[in-house]
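# Structure at a glance
In case you want the letters, here they are:
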Amino acid sequence: MVLAPYFLADEPFYAPQADEIDLFTAAHALRQPVMIKGPTGCGKTRFIEHMAWRLGRPLVTVACHEDMTASDLVGRFLLDADGTVWHDGPLTLAVRHGAICYLDEIVEARQDTTVVIHPLTDDRRILPLDKKNELVRAHPDFQLVISYNPGYQSVLKDLKESTKQRFVGLDFTYPDAAREARIVAREAGIDEATATLLVRVADRSRNLKGHGLDEGASTRMLIQAGRLMARGISLTAACQMALVLPITDDPDLRASLTDAIAACQ
Amino acid sequence: MTQLAEADRPGPLTVAASAGSATDRLLSGLMARVSAEDRAALERAAATFCDRFQPASLQRRALATAALALFDRAGAEPLIQLLELASELGRRGRGGDATLVLAAVPRALRWLSDADDLSAWLAVVADVAERAPESLAALAGETDHLLGRLGARGLAGFAGALIDLAAGREDLRQALFAFRDPRAETLLLREAADVPLARLEPRLKGLVTALWSVEPVIRPSPAGGAQTARRSSFDGRILFLPDAYRGVRGEAAVTLMKAAALHIGAHLAHSGRPRPAKALKPLQIALISLLEDARAEHLALAQYPGLNRLWLPFHTAPTEGGTAEALLARLARVLADPDHEDPDPFVQKGRAAFRAARDSWDDPDVLRRIGSGLGNDLGQMRLQFNSKTYAVQPLYRDDNLGLWQFDLPDQEQGTPDEISISVRIEQRETQTEEPDRRRTEEGGDEVSPVRLTEADPEAAFPLCRLPEWDLVSHRHRPDWVQVMEHPPRLAPAAIIDRLLSERPDLVRRTSALIRQARAGQPVRLRRQAEGDRLDLEAALRARIDLAGGHAPDTRVYETRTLNSRDLSVLVLLDISESTKDTIDGSPVSVFSILREAAAHLAAAMAEAGDPFALSAFHSDGREDLRYHRIKRFDEAFDTRAKARLAGLRPGLSTRMGGALRMATRDIQPMATHRRLVLIITDGEPSDIDVNDPKHLVEDARKAVQEAAGAGIDVFCVGLDRTGDTYLSRIFGRQNVIQIDRVTALPDRLPKLYLRLTR
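Numbering of residues starts from 1 in each chain and follows the order in which that chain's sequence is written. Whichever chain is written first is A, and whichever ligand is written first is 1; the rest continue in order. Selection of residues for local features in this predicted model requires a pLDDT of at least 70, selection of side-chain atom pairs for listing and counting requires 80 or more, and totals for whole chains, interfaces and linings are taken over all residues.

To continue, consider the overall build of chain A. Secondary structure counts use DSSP, requiring at least four H or I residues in a row for a helix and at least two E residues in a row for a strand, with both numbered from the N terminus. Within chain A, the regular secondary structure consists of eleven helices and nine strands. Buried, partly exposed and exposed are defined by the number of other C-beta atoms within 10 Å of a residue's own C-beta, namely 20 or more, between the two limits, and 12 or fewer respectively, with C-beta atoms placed from the backbone. The proportion of buried residues among the 265 residues of chain A is 41%. Here, residues touch in the contact sense if the C-beta positions derived from the backbone fall within 7 Å of one another. In chain A, the share of contacts with a sequence separation of at least 24, taken over all contacts with a separation of at least 6, comes to 70%.

Written as structure tokens, this is what we have:
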């Protein structure tokens, strides 16, 4: 089967924050297009992977970027010795064979690109390939999921109203402190007391959001720091390396963060 | 003095000591201890000294005392320096000054420990003796005060700043050095703060915000009387921190500032609204505040245990001392440090009551009751408490005024937040006010193309004040340079039009080039002969053509390029005196070429549609930096702008740093992808009131760094063949281009501009 490489073999770890698993399962049963919003590194992609595994569906992921064209999604003719050959793009692949297609950071793509998903996201569930003169009817198992981070993108980078209104939404944030500590402890392989400390550090940086930082430290960053600590690096050094240095170039903010980290322990 | 006998040959000092007094025996004893290699130099210096002060035994006695002490501490070198300085004063007939300097040595030794510091101090004294002779006595008299607060290196910056501030006026210099002028104290405070608050402010603000999610406003404390110990203070979210804590320097100052800001942060997070102070005695207020300090810190520590590493080292109150102040400090210590034991019954009682109330800390009345009770205890012990001289201990804690609501008659200020907001609005208003005012003035100014207007120096008005970088003390001198707005001198715009029409080829070439140049967002170009990927549509068409037997279009690639120019440029012309120079063997001056080049560039930029501004600068001392705005961003390059450009006259000096700061201010509001300041200069920064050209070079370098910090690129076109070193120093090697043949400037400038903006 074409989609065989897209199945997830092992369960991706995911700690539910609320009832999002039930909500997504219901939306999937209806094959509703889903949009997932939330800050970077809070577990959006992990959640989708987990759901694909749980539902037993293949998952086709596309990381969107501003230079992406519709044919990058849909497919294109390529040249070979005998002339032109059509190659399905990732979206067409998922539509034809019935996968969950996950468009990560959809607002990064240009608006004229994103309109290709319109006929797929209403009751028609079709994908017209005008270059190939073909109308692909979506496989019954096909579902579209998009994600984006409403925080740092500018007003210029927003979804069209006509795109937005085709989706049901799930809003993600960083997990509450206790849960986040458990996640960090498990993923990084450190004890929960240390993980709790890391989460407290992260909360300090999240307080600086809008006061110099565009985003606070994400759960992903904490896991990175935790992994370093699991290898014997001190909290101060691990936070410096995994949080402070990547998150800002402003020396004053770095100093503030470093001092705040010192205060936490 | 057993070494006395070892003086193997009589040197000038010993010869001079022929009188055989006790002083002179001391001197010869000193010579005996000098090592062989130093002796020659010392003998020479001493010989000169004795030469100058032959009959004056007063100086000789002062020297003996000073020399011995100095030599014991730091060896021969500073002593030689001192002898030379004193001899020089003697040569100029200033024996009195020499005595004062010699008398200051033992006092200086109290504060300065090593030879380097002593040498630095003597260098400052020599510098003042040279540049401000009348103030030497005042400087020597204040030795203890100054060195105690500044150290030798801080003194160098301070003395230099005073001399510069006085700008050559002797009486003012004297008033400053004698601290009769209050500005001296202000400068001293600033100089004493080797870690100035301004530098720490963003960091402290970020720290408090990170920990408690309250963004504070940090301000320097209003200058208070010198006798009251300085403490931080707060009022709502506004934190007042002293510019410097006396005697605390370096890393310790950073720690103290952090401790102070975080202590107030703990109040902001845990102390709630200010409470009415009515009916409470000062001692009770002090005690309740002390308990509140402890409570806020305990609550903060529960969350951030690391803060104790910051706070605890400041609690050093010894377990002795029975005054009310001492007992308060001791109580503060036992409350903060659970491991510290203090046998005093009052302190014990305070701690027990505070701990017992732990579960009801949230009730403001509980601490109030405990505090009042403790106050009564102290009252019964008949201990005096002077609320006027009381300073909260330890040093990092605030004055507690922020905790209380005093019934002051008629508080009109509104809430602190309102105050801070209104301050911000005021600032914004003053920022925008000036351009507006200018605009209306110009609006009333009839510009006829043929009228020549003479600039009236009286009509100049101050625009703003800018800081300047002090090379010696490595910090900004605030409000140092005054920018003056002189009414523009106008000349017929036709002059510029003629310049442009004389070189139509150049205009055409540059505007064509400019339109091709690109900066900004990437855009895809299809059907290109070369490119990094296939344009599939074109490829298909080519394929179809081939299959049909036609000749295919070979442009089957696509490429990406930058389109939609998104940059703004400010061109800054240096029109100092040196631009009057003519270019080798021709009657044409550098200035006229500069003007022509600017005209061409401006015309090209106007055609390309890039937002640009054109300014020129020169200076006449730090009180008169002239910054001419020839064309502003929001104006067209029209008759009026051309008239201003035509009316420019060269002259005066080059205070580059200030001009760069003005240019940075002008271009900062532009909301473009790139902002570029392009400065064209023909010489090294200099000004009439600055002796050391390095000072202005470093200041300009700092201004470039500040611009870079604001995301503004600065590029320099140098017309001085020898300018390589200082221009590279100021702008960085990458950001300077030297043009050897000045006459080529009009040709080169637009091309250069394109290279920069590509």
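Okay, back to it.
When helices and strands are tallied, chain B shows 28 helices and 16 strands. Counting over 758 residues, chain B shows a buried share of 42%. Taking the contacts inside chain B whose residues are at least 6 apart along the sequence as the reference set, 71% of them involve residues at least 24 apart.

For the rest of this paragraph, the subject is the interface of chain A and chain B. The interface of chain A with chain B comprises 22 residues on the first partner and 19 residues on the second. Secondary structure elements with two or more residues in the side of chain A that touches chain B: β3 (75-80), β4 (83-88), α8 (192-207) and α11 (251-264) of chain A. Ranked by the residues each element gives to the side of chain A that touches chain B, the list is headed by α11 of chain A, at ten residues. Residues were grouped as follows: Ala, Val, Leu, Ile, Met, Phe, Trp, Tyr, Cys and Pro as nonpolar; Asp, Glu, Lys and Arg as charged; and all remaining residues, including Gly, as polar. By residue class, the composition of the side of chain A that touches chain B is ten nonpolar, eight polar and four charged.

This paragraph deals with the environment of Met51 of chain A. Residue and element names in this part refer to chain A. Following the sequence through the fold, Met51 ends up in helix α2 (residues 44-55). Since 25 C-beta atoms lie within 10 Å of it, Met51 is described here as buried. Along the chain, Met51 and His28 lie 23 residues apart, while their C-alpha atoms are 9.5 Å from each other.

Turning our attention to the sheet that holds strand β1 (residues 217-220) of chain B. Through backbone hydrogen bonds, the strands of a sheet pair up, either in parallel or in antiparallel fashion. Residues and elements named next belong to chain B. Paired strands are those between which DSSP finds at least two bridges. Spatially, the three strands line up as an open sheet ordered β1-β3-β2, and their pairing is mixed. Either end of the sheet is taken by a strand with one partner, and the two such strands are β1 and β2 (233-235). Between one strand and the next, the sheet's axes are offset by a mean angle of 25 degrees, whatever the strand orientation. Across three bridges, β2 lies against strand β3 (residues 238-241) in antiparallel orientation. For Asp235, the partnering residue across the bridge sits in β3 and is Ile238. Its contacts with the sheet put helix α13 (residues 250-270) on β2 and β3, and the angle it makes with β3 is roughly 150 degrees. Under this scheme, a helix contributes an axis fitted over its contacting stretch, all axes are lines through C-alpha atoms, and angles between N-to-C directions fall in the 0 to 180 degree range.

Moving on, we get to helix α22 (residues 536-547) of chain B. Given a helix with a known number of residues, its expected span is that number minus one, times 1.5 Å. The end-to-end C-alpha separation of α22 of chain B is 16 Å, in line with the 16 Å expected for twelve residues at 1.5 Å each. Just beyond α22 of chain B, the residue with positive phi is Gly549 of chain B, at close to 85 degrees.

Residues and elements named next belong to chain B. Cis peptide bonds are those with omega within 30 degrees of zero, and the linkage from Gln393 to Pro394 qualifies with -10 degrees. Summarising the element assignment, Pro394 is placed in the loop between α18 (364-380) and β5 (404-405). Look at Leu652: it is not a glycine, yet its phi comes out positive at around 65 degrees. If you trace the backbone, Leu652 turns up in the loop between α24 (639-647) and α25 (656-667). Among the residues examined, Leu652 registers 19 C-beta atoms within 10 Å and is labelled partly exposed.

Residue and element names in this part refer to chain B. Structurally, the position occupied by Arg632 is in the loop between β13 (625-631) and α24. Overall, Arg632 belongs to the partly exposed group, with 16 C-beta atoms counted inside 10 Å. Residues Arg632 and Leu570, spaced 62 residues apart in sequence, show a C-alpha to C-alpha distance of 8.8 Å.

Note that an α-helix has 3.6 residues per turn; residues three or four places apart therefore point the same way. Residue and element names in this part refer to chain B. In this model α25 runs 16 Å from its N-terminal to its C-terminal C-alpha over twelve residues, within 8% of the 16 Å that 1.5 Å per residue would give. Counted residue by residue, α25 has eleven buried out of twelve residues, so it is predominantly covered. The complete set of buried residues in α25 reads Met656, Gly657, Gly658, Ala659, Leu660, Arg661, Met662, Ala663, Thr664, Asp666 and Ile667.

Turning to the sheet that holds strand β8 (residues 143-148) of chain A, a few remarks are in order. All names here are of chain A. Pairing is parallel in the open sheet, where five strands are placed in the order β2-β5-β8-β1-β9. Looking at strand neighbours, the two that pair on one side only are β2 (59-63) and β9 (168-171), the edges of this open sheet. Along the sheet, successive strands turn relative to each other by an average axial angle of 20 degrees, direction set aside. Where strand β1 (residues 34-37) lies against β9, four bridges are found, and the strand directions are parallel. Note that in β9 the partner of Lys37 across the bridge is Asp171. Lying over the sheet, helix α1 (residues 20-29) contacts β1, β8 and β9, oriented at roughly 165 degrees with respect to β9. The sheet strands contacting helix α4 (residues 90-97) are β2 and β5 (100-104), and the helix crosses β2 at an angle near 160 degrees.

Let us look at the nonpolar core. Grouped together as the largest cluster of nonpolar side chains are 91 residues, with contacts concentrated most on Val184, Leu198, Leu222, Ala225 and Leu243 of chain A together with Met257 and Ala261 of chain B. Every residue in contact with Met257 of chain B, bar those within four places of it in the chain, is listed here: Leu197, Leu200, Leu204 and Leu241 of chain B. What makes a nonpolar core is a set of buried Ala, Val, Leu, Ile, Met, Phe, Trp, Tyr and Cys residues, with links drawn between C-beta atoms within 7 Å. Trp480, Val569, Val590 and Phe715 of chain B belong to the second largest nonpolar core, which has 76 residues in total.

On to the packing of helix α17 (residues 345-356) of chain B against α18 of chain B. Residue and element names in this part refer to chain B. Axis separation between α17 and α18 bottoms out at 11 Å; the angle between their running directions is 170 degrees. With respect to α18, the element α17 is oriented roughly antiparallel. On the side of α17, the interface is formed by Phe346, Gly350, Ala353 and Phe354, while α18 contributes Ile370, Leu374, Asp377 and Leu378. Considered class by class, the residues forming the contact of α17 with α18 number six nonpolar, one polar and one charged. Should an angle fall under 35 degrees it is called roughly parallel, over 145 degrees roughly antiparallel, and 65 to 115 degrees roughly perpendicular, with every other angle called oblique.

Right, let's get into the packing of α8 of chain A against helix α10 (residues 235-247) of chain A. In a packed pair of helices, the relevant descriptors are the angle between the two axes and the axis-to-axis distance. All names here are of chain A. It is at 12 Å that the axes of α8 and α10 come closest, and there the two elements cross at 30 degrees. One way to sum up the angle between α8 and α10 is to call them roughly parallel. The crossing of α8 and α10 is right-handed. The residues of α10 that touch α8, namely those facing Leu197, Val201 and Ser205, are Leu235, Cys239, Leu243 and Ile247. A class-by-class count of the residues in the contact of α8 with α10 yields six nonpolar, one polar and no charged. Put simply, a crossing is left-handed when the front helix is turned counterclockwise from the back one by less than a right angle, and right-handed when it is turned clockwise.

Residue and element names in this part refer to chain B. The predictor rates its confidence in each residue with pLDDT, a number between 0 and 100. Taken over all residues, the pLDDT of chain B has a mean of 77, while the share at 70 or more is 83%. Element-level mean pLDDT values for chain B span from 38 in helix α19 (residues 416-443) up to 92 in helix α15 (residues 307-311). The model gives residues 1-20 a pLDDT under 50, and that stretch makes 35 contacts with residues more than four places away or in other chains. Across the interface, the model reports ipTM at 0.83; the global pTM reads 0.55.

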